[in-house]
Amino acid sequence: MDLQAYLDRIGFAGQPRPDLATLRAVHRAHLMAIPYENLDVQFGRPLTTDPAEAFDKLVTRRRGGWCYEMNGVLGWALEAIGFDVTRLAGGVMRVVRGDEIVGNHLVLRVDLDAPWIADVGFGDGGRDPFPLVEAAFASDGFPLRLERLDEAWWRFHNHEHGGAPSFDFTAEPADPALLADRCRWLQTSPESMFVQNAVVQRHTPDAILQLRGRVLRRARPEGVESRLIESAEAYVQVLAREFDLDLPEAADLWPRICARHAELFGEPAAP
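Residues numbered from 1 in each chain as written. Predicted model: local features only at pLDDT ≥ 70, side-chain atom pairs only at ≥ 80, totals over all residues. Heavy atoms only, no water.

This part covers the packing of aromatic side chains. Evaluated as defined, the whole model comprises ten aromatic pairs. Look at Trp-66 and Phe-194: their rings are 5.1 Å apart centre to centre, the planes differ by 90°, and that puts the pair in the edge-to-face class. In this pair, Trp-66 sits in the loop between α4 (51–60) and α5 (67–81) while Phe-194 sits in helix α8 (residues 193–196), placing the two residues 128 residues apart along the sequence. Trp-66 sits in the buried class, given a relative accessible area of 1%. One aromatic cluster is present, formed by Phe-122, Phe-130, Phe-137, Phe-156, Phe-167 and Phe-169 through successive ring pairs. Sitting above the plane of the Trp-153 ring, Arg-94 keeps its charged end 3.7 Å from the centroid. Lying across the ring of Trp-185, Arg-182 places its NZ or CZ 4.9 Å from the centre. (Phe/Tyr/Trp six-rings, centres within 6.5 Å; stacked < 30°, edge-to-face > 60°. Helix = DSSP H or I, 4+ residues; strand = E, 2+ residues; numbered from the N terminus. Buried < 20%, exposed > 50% of the residue type's maximum accessible area, 1.4 Å probe, protein only. Lys NZ or Arg CZ within 6 Å of the ring centre and 35° of its normal.)

Shown next, in the form of structure tokens:
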């Protein structure tokens, strides 16, 4: 871990310390600087749960990533600062699909005087870490909630404009083999939403940007503005302008993105 390179990447200034103020500042800076994106899955480029590979991608090559990469790099950096970090296995939409999906999300527990949850890998969730306590809370006006389901399980409830409404997790250490197995499945199975859909998301000071296929959404607590991307050229420009992703090769994804849009919404595919 080249900690200074990571801090430079997220724009963190000052001396990091293993305290709550640093945790909050690093967490928020990461989300503002590095987008969530699954475009390598769309390109067919294999991904792993190795934080060193994620560091090269997110920091050295200035890309974004999905939960295993985003939280993988954050957890590694927090450990380098001196935090006590535990990787947890989450299950996005476990409320619908049950335990078979556990491990499709990586979550971090950071132990200070009490346990906190850090998660920069959910895409459009909260901007700050939150204590492991059953409560409703807000993130820059977006209402969120943490629910205690039973002695083992917790459920994070996202805001109404989020892509996924919830994920479940336990506070116990994740099995690395389980995370690696789910990581492989999510990027290879035709049933995986990450195989089916191109997704890019980023937090900005006044909104959360959500690019799902051809649709660019700008979500704020009071509502959502949406517009349709009209061409491969415009798609590449949106990636660069809104998400700081220089990926001209993303134009090659355009036919698949248009076909998926037509499948979902019954509209003719764009040229």
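Having seen it, we continue.
Here Asn-104 shows up in the loop between α6 (94–97) and β3 (105–111). Excluding residues that lie within four positions of it along the chain, Asn-104 makes contacts with Cys-67, Tyr-68, Gly-90, Gly-91, Val-92, Arg-182 and Leu-186. (Contact = heavy atoms within 4.5 Å.)

This part takes up α5. Taking 1.5 Å of rise per residue, the 15 residues of α5 would be expected to cover 21 Å, and the 21 Å separating its terminal C-alpha atoms lies within 8% of that figure. Burial in α5 covers these residues: Cys-67, Tyr-68, Glu-69, Met-70, Asn-71, Gly-72, Val-73, Leu-74, Gly-75, Ala-77, Leu-78 and Ile-81. Gly-82 sits one or two positions beyond α5 and adopts a positive phi of about 120°. (Expected span 1.5 Å × (residues − 1).)

The topology assignment puts Asp-206 in the loop between β10 (199–204) and β11 (207–212). The class for Asp-206 is partly exposed, based on a relative accessible area of 48%. Measuring from C-alpha to C-alpha, the distance between Asp-206 and Glu-100 comes to 36 Å, with 106 residues separating the pair along the chain.

Before going further, it helps to spend a moment on unusual backbone geometry. The backbone of Asp-140 sits at a positive phi, close to 50°, despite the residue not being glycine. Examined against the element boundaries, Asp-140 turns out to sit in the loop between β6 (135–139) and β7 (142–148). Notably, Asp-244 is not glycine yet its phi reads approximately 60°, a positive angle. Within the secondary structure, Asp-244 is located in the loop between α9 (232–243) and α10 (254–265). Relative accessible area serves as the criterion here: at 41%, Asp-244 is assigned to the partly exposed category.

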